[in-house]
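Examining the three-dimensional arrangement
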Amino acid sequence: MNKRKLKKALKRLRYLPNGKYFFLYISNKILHYYYKSIKTTKVAYPSTIMLELTNLCNLACTTCPREYEFGNAMAKGSMNKKMAKQIIDETWPYLDSIGLTGLGETFLYKEIHEIVDYIKQKNKGIIISVSTNAVIPNFNEKVENLLGKIDTIQVSIDGLDVVYNSIRKKSDFNLLDKNLRLLTDKAKNTGTDIMLNMVVTKDNYHHMNLLLKYAKEIGIGFLDYSMFNLAAVTDIDESYYRFYQSDEFLKELEKLEEEITKTPEVIISDRNFLTENNFHKCPFPWSHYYFSWDGYVPPCCAKPFPKELNFGNITHNRVIDTLNSDSYKEFRILWKKNKTPDFCEKCNFVSNELQKPT
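Everything in this summary refers to the structure shown in the same document. (Residues numbered from 1 in each chain as written. Predicted model: local features only at pLDDT ≥ 70, side-chain atom pairs only at ≥ 80, totals over all residues. Heavy atoms only, no water.)

**So, the pairing of strand β8 (residues 222-227)**
- Of all six residues making up β8, five are buried, and the element is well covered by its neighbours.
- Direction of pairing for strand β7 (residues 193-200) relative to β8: parallel, over a ladder of six bridges. In the strand pairing of β8, V200 is matched with M227.
- What joins β7 to β8 is helix α9 (residues 208-218), and the crossover it makes is right-handed.
- Bridging between β8 and strand β9 (residues 267-270) involves three bridges; their strand directions are parallel. Directly across from F222, in β9, lies its bridge partner I267.
- Crossover β8 to β9 through helix α10 (residues 247-262) is right-handed. (Buried < 20%, exposed > 50% of the residue type's maximum accessible area, 1.4 Å probe, protein only. Helix = DSSP H or I, 4+ residues; strand = E, 2+ residues; numbered from the N terminus. Pairing = 2+ DSSP bridges. Right-handed = clockwise from strand over helix to strand, strands pointing away.)

Structural data, given as structure tokens:
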């Protein structure tokens, strides 16, 4: 556990719910482990959820599922704040954390301040995270009053300079750089951590090392590297994953590892590119439940398209009933059998192209 995660865990322990809500919180934890012990497909209330406050975005990134076939067909909009509060009202006594980002740019959601305050009013120990491209108009003005309330702001970057601009269409690295430096300075001593995230592709892998140096230069202490997930990227063949086992990529990964040892100021949370894949690796049938802006519950954040598959809508149902719908339980049966659903084909959790060499 790195220092960012440890800090969040200690904060959560400090601010556990009081009174009857503490009883609900503990009882739900016990129920979770009981369900797990008897190997049922039923679940308790979740400890972490993801709210897609909006799937509108100001960019058109080549790594984003919304730019491909499923994304082009999806309904677009923003979550009614009444619905957001409905979900929070039902789940907050059991939550340890909540993510407020889906397929859109979080800070385009006009009521973001109200939703963050609403969560903190329920329990200020609930860990809130958001992801952003950090290049919307007046970005820092929109974020400034949320520093100290949001626990982690993850900024998607995917390379530097020309490489960044080629991937994150409609953006501008110079603007991002300006916003990041200002954000990093304002976030100091507020309790809000700034973290960079790079989706590693054939087009930017040679910038992995450069990005680490950049994070150190501007004072950002946390950085993630993630694999390009093709689950919803219809225009790219699954064989693309073989790149992550190629000599050229592994050489750059080795350089990165060497640089990491020289850069203790920046904590790398994730960089696992070689895995043993199967459906059992996927956590999403059991946790990190995703609520789309219009109330549907799709299987996961990698392919959050309700038209393709969803397990119900919370508009007229309780959250817990939707999470325990017959269709969701059938999905979990497939997980127990380690039988990958057709919906999950090409996901980097299950792809045979990513089997770890023996």
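On we go.
**Comments concerning the environment of K262**
- In this fold, K262 is placed in helix α10.
- A residue is classified by how much of its surface remains accessible, and K262, at 57% relative accessible area, is exposed.
- Along the backbone, K262 and F139 are 123 residues apart, and their C-alpha atoms lie at a distance of 32 Å.

**So, the packing of aromatic side chains**
- Tallied over the full model, the rule gives 20 aromatic pairs.
- Centre to centre, the rings of Y205 and F243 are 5.0 Å apart; their planes meet at 70°, and the pair counts as edge-to-face. In this pair, Y205 sits in the loop between β7 and α9 while F243 sits in the loop between β8 and α10, placing the two residues 38 residues apart along the sequence.
- Take Y205: its relative accessible area is 17%, and that puts it in the buried class.
- An aromatic cluster is present here, built from Y205, F228, Y240, F243, Y244 and F249 joined pairwise through their rings.
- Above the face of the F343 ring, K303 is positioned so that its terminal group lies 4.4 Å from the ring centre. (Phe/Tyr/Trp six-rings, centres within 6.5 Å; stacked < 30°, edge-to-face > 60°. Lys NZ or Arg CZ within 6 Å of the ring centre and 35° of its normal.)

**Here's the deal with unusual backbone geometry**
- Of note in this structure, N189 is not a glycine but carries a positive phi near 65°.
- You can see N189 is positioned in the loop between α8 (173-187) and β7.
- Look at N338: it is not a glycine, yet its phi comes out positive at around 55°.
- Residue position: N338 is located in the segment after α12 (326-336).
- Look at N338 and you get partly exposed, because its relative accessible area is 31%.

**A few points about the packing of helix α4 (residues 81-91) against helix α5 (residues 112-122)**
- Two numbers describe how α4 lies on α5: the axes approach to 11 Å, and their chain directions differ by 20°. Judged by the angle between their axes, α4 and α5 are roughly parallel. Relative to α5, the crossing made by α4 is right-handed. Contact with α4, carried on its side by K81, A84, K85, I88 and D89, involves E114, I115, Y118, I119 and K122 of α5 and no other residues of that element.
- Each residue belonging to the contact of α4 with α5 can be placed in one class, and the counts come to five nonpolar, no polar and five charged. (Axes fitted to C-alpha atoms, helices over the stretch in contact; angles between N-to-C directions. Parallel < 35°, antiparallel > 145°, perpendicular 65-115°, else oblique. Left-handed = near helix turned anticlockwise from the far one by under 90°. Contact = heavy atoms within 4.5 Å. Nonpolar A, V, L, I, M, F, W, Y, C, P; charged D, E, K, R; others polar.)

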